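Structural description and commentary
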Amino acid sequence: MPKFNENFFDLKESYLFSEIAHRVNAYSEKNPNKKIIRLGIGDVTLPLGSKVISQLHEGIDALASAETFKGYGPEQGYDFLRLAIVDYYSRNNISINPCEVFVSDGAKSDTGNITDIFGRDNIVLIPDPVYPVYVDTNIMSGRNIIYIDANEENNFLPMPDDNVHSDIIYICSPNNPTGATYNRDQLKNWIDYALENNAIILYDSAYECFITDETLPRSIYAIEGAKKCAIEFCSLSKTAGFTGVRCGYTIIPEDLTFLSSSGIKISVNAMWNRRQTTKFNGVSYIVQKGAAAVFSPEGMAQCKSNIKYYQENAKIILNGLLKKNISCFGGVNSPYIWFKCPNNMDSWDFFDYLLDNAQIVGTPGAGFGKNGQKFFRITSFGTRDSTIEAMKRIDELI
């Protein structure tokens with residue numbers, strides 16, 4: 001009989017957002033006439049920009065002719081997109097090489113798949129609360145996870161403990177779920193810690209496009225030493241509304257090398273390339289055509305317009321909660337507003353309370369870790385009307 005990876009048995013019974021969907025569907029069936037406002041999952045609502053749409057169509061048209069038809073593409077991504085990403089980084093005064101760019105179907109996939117190249121005996125350091133994928137994928141692999149507390153006292157920006165050793169470090173900034181964003185000095189501390197411990201940082205920058213404070217780094221590679229210890233993941237899901245189109249990219253510097261157990265120098269870039277060429281056939285040509293358009297001047301202007309819309313939604317939510325004297329985090333350099341549940345309620349209790357009494361769906365903080373037990377996350381990705389209506393309902397309820 002087959003033997004299974006029984007590490008799966010150590011996972012929670014259901015994925016956070018599956019449980020949310022289950023509860024919302026059950027409520028909706030019992031209350032079909034109630035209008036539910038969904039501000040839980042970080043899915044966008046605005047359409048793609050016209051520049052992206054035109055290039056998606058051009059990609060489709062190319063497949064209709066033998067002269068321009070595309071079959072299998074390079075697993076790492078087409079050069080036209082990798083060069084566009086390189087140029088995007090250069091506009092932020094960061095130099096990377098095209099061979100350091102790996103195009104993917106999204107940051108979620110790569111932050112999970114990257115675990116393939118690491119041994120099971122690594123010690124993994126993960127902040128709590130955190131995006132569940134980091135935790136679950138390492139549980140699936142049977143790794144030893146240690147948690148570092150993110151809480152009100154440190155503004156949900158935990159710093160390294162020199163007395164704790166780790167091999168793999170997860171950092172998300174701007175953070176999902178808390179919206180907290182590391183400054184340059186804080187990231188430098190993490191880089192120094194990683195270099196001292198001969199560790200690697202897995203840096204999720206999926207929400208970098210929401211950073212408005214010019215003093216805050218939008219890439220870990222803006223900090224000295226990062227190319228020797230960090231992999232960066234990014235996504236077009238929030239930058240350009242690609243949640244359904246699916247495209248992201250991972251940056252692995254050529255300078256990122258470690259010694260194997262036998263003393264052989266290992267290129268992480270080469271190892272990831274080997275993994276991708278075996279397990280991944282690349283993102284479709286059509287999607288990559290649209291993705292390249294994101295980084296054009298016209299495409300970027302349209303993306304920024306959409307991002308500004310969501311930022312204004314975040315301000316509406318943040319101001320509405322602050323009006324009720326609710327302790328809040330995020331909402332400025334992030335599309336997420338993380339706040340303390342009223343009346344010291346547990347987060348799942350507050351989820352049910354908000355759904356039952358105001359027909360609003362958010363995300364209970366407990367789903368992100370023990371430090372989220374008394375907190376709740378609302379996203380700014382709804383429509384303007386639904387955002388305003390949600391805050392009106394909350395104002396009347398709390």
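In this report, the structure presented in the accompanying data block is examined. Residue positions are given per chain, counting from 1 as you read along its sequence in written order. Reporting of local features is limited, given that this is a predicted model, to residues whose pLDDT is at least 70; pairs of side-chain atoms are given and counted only at 80 or more, and all residues count toward the totals for whole chains, interfaces and linings. Side-chain measures were taken over the full set of non-hydrogen atoms in the model, leaving aside hydrogen atoms and water.

For the rest of this paragraph, the subject is the environment of Tyr 285. Relative to the helices and strands, Tyr 285 is located in helix 9 (residues 285–294). For the pair Tyr 285 and Lys 70, spaced 215 residues apart in sequence, the C-alpha separation works out to 7.0 Å. Here a helix means four or more residues in a row that DSSP labels H or I, a strand means two or more in a row labelled E, and each is numbered from the N terminus.

This part takes up the nonpolar core. Definition of nonpolar core: a set of buried residues of the types Ala, Val, Leu, Ile, Met, Phe, Trp, Tyr and Cys, connected through side-chain atoms within 4.5 Å. Type-normalised accessible area, obtained with a 1.4 Å probe on protein chains alone, sets the label of each residue: buried when under 20%, exposed when over 50%, and partly exposed for intermediate values. Of all hydrophobic cores here, the largest spans 88 residues; its most connected members are Ile 201, Tyr 249 and Phe 295. If we ignore the near neighbours within four places in the chain, the residues touching Phe 295 are Leu 81, Ala 84, Ile 85, Tyr 88, Arg 91, Leu 236, Tyr 249 and Met 300. Counting 27 residues, the second-largest nonpolar core is a separate cluster that includes Val 124, Val 133, Ile 200 and Trp 272. Residue contacts are counted whenever heavy atoms from the two residues lie within 4.5 Å of one another.

The criterion for strand pairing is that DSSP finds at least two bridges linking the strands in question. Taken together, 7 strands build an open sheet; the order of strands is 2-8-7-6-5-3-4 and the sheet is mixed. Both outer strands of the open sheet, strand 2 (101–104) and strand 4 (144–149), are each paired with one neighbouring strand and no more. Strand after strand, the sheet turns through a mean of 20° between neighbouring axes, direction not considered. In terms of strand pairing, strand 3 (residues 123–128) meets strand 4 through 6 bridges, oriented parallel. Looking at strand 4, one finds that Ile 123 is bridged to Asn 144. Axis definition: a line fit to C-alpha positions, over the contact stretch in the case of helices; interaxial angles, taken between N-to-C directions, run 0 to 180 degrees.

Time to look at the sheet that holds strand 12 (residues 336–340). An order of 11-12-15-14 is seen for the 4 strands of this open sheet, with the pairing classed as antiparallel. Each edge of the open sheet carries a strand with a single partner, namely strand 11 (328–330) and strand 14 (363–364). Bridge count between strand 12 and strand 15 (residues 375–379): 5 bridges; the pairing is antiparallel. By the bridge assignment for strand 15, Phe 339 is matched with Phe 376.

Judged by how many residues are buried, helix 9 sits mostly within the fold: 9 of 10 residues are covered. Tyr 285, Val 287, Gln 288, Lys 289, Gly 290, Ala 291, Ala 292, Ala 293 and Val 294 are the residues of helix 9 that are buried. Looking at the buried positions of helix 9, the neighbouring elements they touch are helix 2 (50–62), helix 3 (79–91), strand 2, helix 7 (236–239) and helix 10 (297–323).

The residue after Asp 128, namely Pro 129, is reached through a cis peptide bond having omega 10°. Relative to the assigned elements, Pro 129 resides in the loop between strand 3 and helix 5 (132–140). A cis amide bond links Ser 173 with the next residue in sequence, Pro 174, at an omega value of -5°. Positive phi, normally seen in glycine, also occurs at Asn 325, with a value near 60°. Take Asn 325: it is sitting in the loop between helix 10 and strand 11. Of note, Asn 344 is a non-glycine position whose phi angle comes to about 60°, a positive value. Here Asn 344 lies in the loop between strand 12 and helix 11 (347–358). For Asn 344, a relative accessible area of 54% puts it in the exposed group.

Quick look at helix 5 now. Of all 9 residues making up helix 5, 7 are buried, and the element is well covered by its neighbours. Every buried residue of helix 5 is listed here: Pro 132, Val 133, Tyr 134, Val 135, Thr 137, Asn 138 and Ile 139. Elements in contact with the buried residues of helix 5: helix 1 (16–30), helix 4 (107–113), strand 3, strand 4, strand 5 (168–172) and strand 6 (200–204).

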